[in-house]
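This is what each chain is made of:
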Amino acid sequence: MGKSRLLTDAVEAAAARGFMLAHGAADEPSQLAPLVPLMAALGESPQTLREGQRVPSETVDLRLRLIEQLQTRLEERVARGPLLIALDDLQWADPTTMLALRSLIPELASYPVLWVLARTTATVDSGADRLYELLERDGATRITLDALSDRAMTEIITDVLGAPPGPDLLALTATTGGNPFMLVELLCGLHDEGAVDTRGGQARLVSRQLPRRVHEIARSRLARLSPHTRHLLQVAAILGRSFRVDDLADMFDEPPSRLLPALEEAEEVAVLVPSGDQLTFRHDLLWRAVTETVTKPVRHALHRQAAEMLLRRGGSAIPAATHLMHYARPGDSRALAGLDQAVNEVLPSSPQTAADLAVRALELTAPGDTGRFDRTVTAVYALTTSGRLPEAAEYARAAMCQTGVPGQGARLRYELAYALLLAGRPVDAAAEAEQALAQPDLSAELRGLAEQVLLRSLYASHAFRRGQELADTIVGNGRQHSRASQVGAHMLLSYVAWGDGHVTEGFGHVREAVRIAPRDEVQARRVHPRLHLATLLTDMRMLTEADDELKIVADEIAEFGHTAYAPCPAIFRARVRLAEGRLDDAAVEAQAGVALADQMGMHAFVLLGLAVLTIVAVHCGDIDAATGYVQRYAERRQAGAMFGMAWGRWGLAMLAEVQDGPRKALDMLQVCYTDPNERRWLLMSEPDAAAWLIRIALTTGDRDAAETVAAMAATLADDNPDFPTLAASAAHSQGVLRGDRAALSQAAAAHVGPWGRASAAEDLGVLLTRPNGGSSADAAIEALDLSLEGYQDIGALRDAARIRARLRRLGVRRRHWTQSERPVSGWSSLTETERNVAALAAQGLTNPQVATQMFVSPHTVKFHLRQVFRKLGIGSRVELARLATEHTSGTPPEK
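Everything numeric in this text was worked out from a predicted model, so none of it was measured.

Chemist: When you look at the pairing of strand β3 (residues 113–117) in this model, what are you seeing that I'm missing?
Modeler: A regular strand places its side chains on the two faces of the sheet in alternate fashion. On β3, burial follows the alternation: Val113, Trp115 and Leu117 on one face are buried, whereas Leu114 and Val116 on the facing-out side are not. Across five bridges, strand β2 (residues 83–88) lies against β3 in parallel orientation. Within the sheet, the bridge partner assigned to Ala86 lies in β3 and is Val116. Following the backbone out of β2, through helix α4 (residues 95–107) and into the adjacent parallel β3, one traces a crossover that is right-handed.

Chemist: Sorry if this is basic, but what is going on with the nonpolar core here?
Modeler: Nonpolar side chains in soluble globular proteins tend to be buried together. Core analysis: the biggest nonpolar cluster contains 252 residues, and Trp115, Leu233, Phe281 and Phe507 have the highest contact counts within it. Once residues lying within four places of it in the same chain are set aside, the contact partners of Trp115 are Leu38, Leu74, Ile85, Leu101, Leu104, Ile105 and Leu108. Within the second largest apolar cluster, 19 residues are counted, among which are Leu830, Val868, Ile874 and Leu883.

Chemist: Would you mind showing me how to read the pattern of salt bridges here?
Modeler: Think of it this way: side chains of opposite charge can pair up when their charged atoms draw near. In the structure shown here, the tally under the stated rule is 49 salt bridges. One salt bridge connects Arg649 with Glu678, and the closest N-O pair in it is separated by 3.6 Å. Taken together, the residues Arg649 in helix α32 (residues 645–660) and Glu678 in helix α35 (residues 676–685) connect sequence positions 29 residues apart. Exposure class is identical for Arg649 and Glu678. Each is buried. Among the charged side chains, a salt-bridge network with shared partners connects Asp547, Arg577, Glu580, Arg582 and Asp585.

Chemist: Hey, could you run me through the packing of helix α30 (residues 606–620) against helix α42 (residues 797–809) in this one?
Modeler: Here α30 crosses α42 at 30 degrees, and the two axes come no closer than 4 Å. When the axes of α30 and α42 are compared, the pair comes out roughly parallel. Residues Val618, His619 and Cys620 of α30 form the contact with α42, whose participating residues are Leu797, Arg798 and Asp799. For the contact of α30 with α42, a count of residues per class yields three nonpolar, one polar and two charged.

About the cut-offs
- Residues numbered from 1 in each chain as written.
- Predicted model: local features only at pLDDT ≥ 70, side-chain atom pairs only at ≥ 80, totals over all residues.
- Heavy atoms only, no water.
- Buried < 20%, exposed > 50% of the residue type's maximum accessible area, 1.4 Å probe, protein only.
- Helix = DSSP H or I, 4+ residues; strand = E, 2+ residues; numbered from the N terminus.
- Pairing = 2+ DSSP bridges.
- Right-handed = clockwise from strand over helix to strand, strands pointing away.
- Core = buried A, V, L, I, M, F, W, Y, C linked by side-chain atoms within 4.5 Å.
- Contact = heavy atoms within 4.5 Å.
- Salt bridge = Lys/Arg side-chain N within 4 Å of Asp/Glu carboxyl O.
- Axes fitted to C-alpha atoms, helices over the stretch in contact; angles between N-to-C directions.
- Parallel < 35°, antiparallel > 145°, perpendicular 65-115°, else oblique.
- Nonpolar A, V, L, I, M, F, W, Y, C, P; charged D, E, K, R; others polar.

Honestly, that's just the spatial picture; any functional story needs more than this.
What follows is the structure in structure tokens.
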């Protein structure tokens, strides 16, 4: 349809304007090789991304590391000037390239980089479809090349043949469907065969033996070539649209020099064209047409020959796997060995491709083959790593029904349990792990792995007390159990301690898990206990230490390629930002984490992120957005996700109170009022919840429920005197319940989080406005002003609006914060954080470098840059640098 021509024109136009250029393309044979289109555009091979990088041997997934390296390379290039990246034929791009594009395009949005992506819709490809949908949603322009109009076809016919077409020629050319390539090929074929006569000023047909389809055009063109050249092209087509001359020579078992005459003939008629160190069929349709001239049985035999030739050569098995995927025979041991090798090669950098190869190898393996079990385990592992968790579970279950070898069923059950855990289905994971542990004669390694998954599943499903006896046994007999199971045991016992209200004991267990985990080469590290430590630190509002732990665990996840946990640092950091009162940053982190979880197919922790987004939206008054997040939360819960639901329940109740009143909120949290264990857990994990629960209960007239919450808050504070956030929570609770002015004043000063302080000040102001509040209106106004300032500082618009309404009832009108002296656009409209980000970005620092300087995440930097660009009315760092220079020098900006 002309997309490649349009792309070439774009490249030429960019070159004329001084752009740096990166021009690459995908093709069908390279689908198994990760990142080939992008790296080819940069003039490098994917292997260069690993050069100079220390990659631990136990690293299981390199995708995010490779994408990060690629982003660094691109940032270095665009620091020197604007860059055009033009990529063609993305319908053939590998999954890692698609993932990279989904990440890099938004991440580099503030840089002077222009992306032009082309693909054909002739093939069904959900990866490209999804990529284009996402980019278009984010503002990209989609250009659809429609069929040529009758007028355009007439112009082309006139241009090619030198005369306007007659009616019979127009009727024939209409069979091309307005496809430019097919039209030109048809016209050239007619001209070469003398089938048209242009005398008399009009092009008319003079032959009835005319080709009507593109493969007939190709046959006609091939028929004019020598037999040797025709055969050479047919074999070359098997190797792919692009091929190396050495490979073609090996297929004929001849030196390249013997192929020279035929290759020259193919180039003279423009069937083949040079492309770097390869030869390429001039057009995809022409390549396919040549391929179709070879009968199916011969085509299959040639693919098998190509695979055997490539495997004999040694080195990477990925090129051979391209042929083996579709043309290997069942039971072919040589082909299966090649597929096994290709799986191991590609697994770290493209688990999705590895999963496809592993599944194909399993399909080609006979039921009685001794290698079938190992291939099943590999397929399940690859499917799990790539996020295709339902398929992983399906293959594991099917294999369990077939194997009769002792130990194999238990191994498959463990793999199934692990896949279910990562899929966010901890209840099902626990059931499978328990069945694995019930098998006799388990190896020590497998028992440790199954114990770990069981313990993790139990605390992820909030059923940690079920595993307490096992965890106590493991901790009490540590030397008899693997480090993996010890880590799982300590983490579960930390949940038990937390559920019992014992903070110091809970920290002791999780810190011991952190200490043990690095001593294990692989399995114990995969639990990442620092994530849980950061969660408990956030609960106790020890936020600086929580942030530090998340920085460490983010590096660990990246270093070891634990993609299942890749969304976690952002999601867990979102809770830290929420506790800090940085609502915008909390939303940015949560959105980034949830989006990455969706990309990777790993949803075990998304409830936390969706709950953060719900709470932020409620505070900001965006009830429609909050409703959407709750709907997504419900969908993930229905799919089996449970981790974080006990804390997330509070966020859902906050929205319910706004939409349906306090009675609905009380009903949603009924279990927290009636079950002391659930009540204790919520008050331990969310210090701001106690006073809120009491307020809801009192509003609905249920003082007994309010009393139970206040009593629990007081007990937790008394039992844990070294943790002041619990004391602030207890004081706030007593102040709301008893109408205690002193307690509320204490809470307004002692709460670590700004929302908690503002909430306590609000409760104090409300108390002082009552007839029996014991104070003048001035004291109430002072408290409400303090609350209003706190809510406005963190951007809690809905809460601030509520305070302004309270003040109006006291005869006081406070201006909305957006009506302050700060303008809505221009340099003066920037917040302090935005000015800092802008200043560093204008100096040429990349987003990660700015993040390091400011001790924030790259997600946060990207968000603030978007705000800066919007307020300044610019679109790139180049414009930002100019404006920053003008602002610093005092030069008036250009009109």
